Amino acid sequence: MIRKYVFGTPIETDSVVEKVPQSEGALPFFETDEGAGSLTLTMDRSARVYGLGETVRGINKRGYVYISNNSDEPFHLEEKRSLYASQNFFVYKDKDTMFGMYVDTPGRVTFDIGYSEINTFSIIFEDFDADIYVVEGSDITDIVRQFRKIIGKSYVPPKWAFGFGQCRWSYMSADEVREVVDRYDELGMPIDSVYLDIDYMERYKDFTVDDERFPDFDNFVKEMKARNIHLIPIIDAGVKIEDGYDVYEEGVKGDFFVKKENGDRLVAAVWPGKVHFPDFLKEDARKWFGDKYKVLLDKGIDGFWNDMNEPAIFYTEDHLQEVFDRIEDYKGKNLDIRSFFAFKDLVGSIDNYPEDYKRFYHEYKGQRIRHDKVHNLFGYNMTRAAGESFERNEPDKRILMFSRSSYIGAHRYGGIWCGDNRSWWSHILLNIQQMPALSMTGFLYSGADIGGFSADTTEDLLMRWTEFGIFTPLFRNHSAEGTRRQEYYRFTDKDSFKNILGLRYALIPYLYSEFMKAVNNYDMLFKPICFDYPDDEMAQDTEDQLFVGESIMVAPIYRQNATGRYVYLPDTMKLLRFRSASDYDTEIMDKGYHYVKADLNEVLVFVRKGHALPLAKPAVRVDDIDYSDLTYECFECDKEDYELYSDDGISR
Ligand code: MIG
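Residues numbered from 1 in each chain as written. Predicted model: local features only at pLDDT ≥ 70, side-chain atom pairs only at ≥ 80, totals over all residues. Heavy atoms only, no water.

> An account of the overall build of the chain is requested, with residue identities and associated values reported.
Scanning the chain from N- to C-terminus turns up 12 helices and 38 strands. The C-alpha atoms of the chain give a radius of gyration of 25 Å, which matches the 26 Å a tight globule of 652 residues would have. Taking the principal axes of the C-alpha coordinates as reference, the chain spans close to 70 × 65 × 55 Å. Looking at the chain as a whole, 63% of its 652 residues are labelled buried. For the chain, the share of sequence-separated contacts (at least 6 apart) that also reach a separation of at least 24 residues comes to 73%. Looking at the chain as shown, the accessible area adds up to about 23900 Å², and 45% of this sits on carbon and sulfur atoms. Side chains of the chain give 80 positive and 115 negative charges; the mean places of these two sets differ by 1 Å. (Helix = DSSP H or I, 4+ residues; strand = E, 2+ residues; numbered from the N terminus. Rg over C-alpha atoms; globule rule 2.2 N^0.38 Å. Buried < 20%, exposed > 50% of the residue type's maximum accessible area, 1.4 Å probe, protein only. Contact = heavy atoms within 4.5 Å. Areas by Shrake-Rupley, 256 points an atom, 1.4 Å probe, with all protein chains shown as cover. Lys, Arg positive; Asp, Glu negative; His and termini not counted. Charge placed at Lys NZ, Arg CZ, Asp CG, Glu CD.)

> Explain the sheet that holds strand β26 (residues 446-447) to me, using residue names and the numbers behind them.
Read across the sheet, nine strands follow the order β26-β25-β23-β19-β14-β13-β12-β28-β27 without closing on themselves; strand pairing throughout is parallel. The sheet terminates laterally at β26 and β27 (449-450), the two strands that pair on one side only. Relative to strand β14 (residues 230-236), strand β13 (residues 193-196) is paired through four bridges, and the arrangement is parallel. The residue of β14 that forms the bridge with Val-194 is Leu-231. (Pairing = 2+ DSSP bridges.)

> Quick one: what's the story with the environment of Lys-282, residue by residue and with numbers?
As for its position among the elements, Lys-282 is in the loop between β18 (273-276) and α5 (283-297). Sequence separation of Lys-282 and Gln-367 is 85 residues, and the distance between their C-alpha atoms is 9.7 Å. Beyond its immediate sequence surroundings of up to four residues, Lys-282 is in contact with Asp-255 and Glu-363.

> Could you give an account of the pattern of salt bridges, with specific residues and numbers?
One pass over the structure, following the stated rule, counts 63 salt bridges. Connected via shared salt-bridge partners are Asp-14, Arg-286, Lys-365, Arg-384 and Glu-388. (Salt bridge = Lys/Arg side-chain N within 4 Å of Asp/Glu carboxyl O.)

> So what's going on with the sheet that holds strand β11 (residues 130-135)? Residues and values would help.
With respect to topology, five strands assemble into an open sheet ordered β1-β11-β8-β7-β4, the strand pairing being antiparallel. Across the chains shown, the open sheet's two edge strands, defined by having one partner strand only, are β1 (2-7) and β4 (48-51). With direction set aside, neighbouring strand axes in the sheet form an average angle of 20°. Two elements, β1 and β11, share six bridges in a ladder whose sense is antiparallel. From the neighbouring strand, Phe-7 faces β11, where its bridge partner is Ala-130. Across the sheet, helix α1 (residues 140-151) touches β1, β4, β7 (89-93), β8 (98-104) and β11, and the angle it forms with β7 is around 155°. (Axes fitted to C-alpha atoms, helices over the stretch in contact; angles between N-to-C directions.)

> So what's going on with the packing of helix α6 (residues 317-330) against helix α7 (residues 337-348)? Which residues, and what values?
Look at α6 against α7: their axes get within 10 Å of each other, and the N-to-C directions meet at 160°. Judged by the angle between their axes, α6 and α7 are roughly antiparallel. With respect to the hand of their crossing, α6 and α7 are arranged in left-handed fashion. Residues Val-323, Arg-326, Ile-327 and Tyr-330 of α6 pack against Ser-339, Ala-342, Phe-343, Leu-346 and Val-347 of α7. For the contact of α6 with α7, the class distribution of residues is seven nonpolar, one polar and one charged. (Parallel < 35°, antiparallel > 145°, perpendicular 65-115°, else oblique. Left-handed = near helix turned anticlockwise from the far one by under 90°. Nonpolar A, V, L, I, M, F, W, Y, C, P; charged D, E, K, R; others polar.)

> Could you give me a rundown of the site of the ligand, with the residues and numbers involved?
Around the ligand, 13 residues are found, and the nearest of them are Asp-197, Asp-307, Arg-404, Asp-420 and His-478. At a separation of 2.5 Å, an oxygen atom of the ligand approaches a polar side-chain atom of Asp-197. In the environment of the ligand, an oxygen atom lies 3.0 Å from a nitrogen or oxygen atom belonging to the side chain of Arg-404. Protein coverage of the free-state accessible area of the ligand, which is 360 Å², stands at 94%. Looking at side-chain class alone, the shell around the ligand contains eight nonpolar, one polar and four charged residues. (Near = heavy atom within 4 Å. Polar contact = N/O pair within 3.5 Å; in protein donor to acceptor, adjacent residues only side chain to side chain.)

> Residues and numbers for the packing of helix α2 (residues 174-187) against helix α3 (residues 217-226), please.
Their axes nearest at 12 Å, the elements α2 and α3 cross at an angle of 0°. One element, α2, and the other, α3, form an angle in the roughly parallel class. The segment α2 lies against α3, with Ala-174, Val-177, Arg-178 and Val-181 engaging Phe-220, Glu-223 and Met-224. Of the residues assigned to the contact of α2 with α3, the class counts are five nonpolar, no polar and two charged.

> Just give me the short version of the packing of aromatic side chains, but keep the residues and values in it.
Scanning the entire structure with this criterion turns up 60 aromatic pairs. Relative to Phe-390, the ring of Tyr-293 lies with its centre 5.7 Å away and its plane at 90°, an arrangement referred to as edge-to-face. A residue pair is termed long-range when its members are at least 10 positions apart, and Tyr-293 in helix α5 and Phe-390 in helix α8 (residues 378-393) qualify at 97 residues. An identical accessibility class is assigned to Tyr-293 and Phe-390; each is buried. Between Tyr-445 and Phe-515, the aromatic rings sit 6.5 Å apart at their centres with planes inclined by 80°, giving edge-to-face as the arrangement. (Phe/Tyr/Trp six-rings, centres within 6.5 Å; stacked < 30°, edge-to-face > 60°.)

Shape descriptors only; they carry no functional weight alone.
Below, the structure is given as structure tokens:
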């Protein structure tokens, strides 16, 4: 049962697509303080809170404070309150009470879940204008399912997008890309796509290609296509200001860029230097920008990633001027403790400066609205621009799309990746813990940068991370400029990497099937084990194991030098300890705690009782997977009991 409560005059976000009638009564569970703009609930000792999508910390969100304020945040530390997304849906559960809540408001919202006061859950609004949906159901899965129904079906990528993708900031030329593919192919390591980061563009201009680095790009795309490799260019939110650049000129002519209060276009800066931001919230601007993707679609490109769409701002012309003006005050001074830090703050305030987000306006549904009021809708509407364009321009074919920034609603147009993590062991765990929260909020096609984006990876870190990454729909190895290169072929134990990648391909019939069922039935692809074992106390505290689809549980290793780990089995299960898709041992294990060994190259998968896991033979491209040759690992069931979803993988 879903009830809707309306506070103030909410700005439409288009995240809910099914009509829910407004409820007459008072909001249940929380106490409303209209004056303070807050809701509060006293949490029982037994209370747990799940959801909120892409955030730091554990699966149970209790004990910290999270702020929905989409941010270009390169340090995913425990203390951070905001990352790139706002996905304001959570489930509260204690021994007597259980409900889900979706707080639909495009501005800043704080979820203080026992941070200020250990037993108090407060939701604090900057503007108390919100549609709040309260969902009750028989269990968490049921609550999530009802919620997902009202926000509409999740985005479905082409099936090849379940293959492995290699990325780097940046492959600097067509030859570098060729070399990557050659190396993978020579070694017989699977790969389906190579990503193009910002340097493929001509001076970071969206929808252009640098023809010194990528001469004859059209033929290069064809050449890669002939090898069944997809090239996936990045698209940034800012449009370079440059006379003669068609995208800039059309944007000016069509009045598609965001403007300041005085009507001037906002001048901000990102990669290309000074840019304008398209007003993705404005329908005609969205259509215009969306149609620009056609420039690349027409060259045979069939996948994109949208970046910097919080939006990230290096500086605005206005704030930079303020800084330069005030810097004068410090010149020649003997800087002491206060003035030195004031000076440091001034200079350090330049990028992603909060006041800059109040400097410009959108035309949204016929109204002029200051950016900060609708801040969290920006990336969503960039993805929507692309998604709507693909529906118009490629009506018969699925196009890969995922974004960095998001809001609920964007899950209908694309997936997300989890942004700039680091080559840290703790970030494998973060990746594990983010996946179920993303499943709850509809972002099914998601994943993190495997191996870690910033900082230098190590061979063992990359291997352990990959052993989890093979279960995430978006399966991409990506790393930052200036860090150690981390393509799999650069390391010593190439055979093990090849085997683990091969296992991914062997799992694709299952993963794709479970993914599509999750889309069609509004289910989670990743589930904390406690969701299915609500009365099992040990399961409640298990935050580093997940169910992936209906048949399996994974228990990844995320500690350096570990040769195994403790695994909690909420029921009897069948362990598959994989060294490769065809080389694995099996063991039936009882409910309870077990120390399970797993060498660096071994992947632990547990098949649930009454379920089956289909396995294909490894292939080097998704298209080569032989569906007529599947074997099944069954535990107390027959292979016929497994419902294998499959389709052509490309048509809509
Ligand atoms: O400020 O395009 O999260 O994946 O490699 C960095 C360069 C801009 C941030 C993205 C990252 C990408 C990088 N971008």
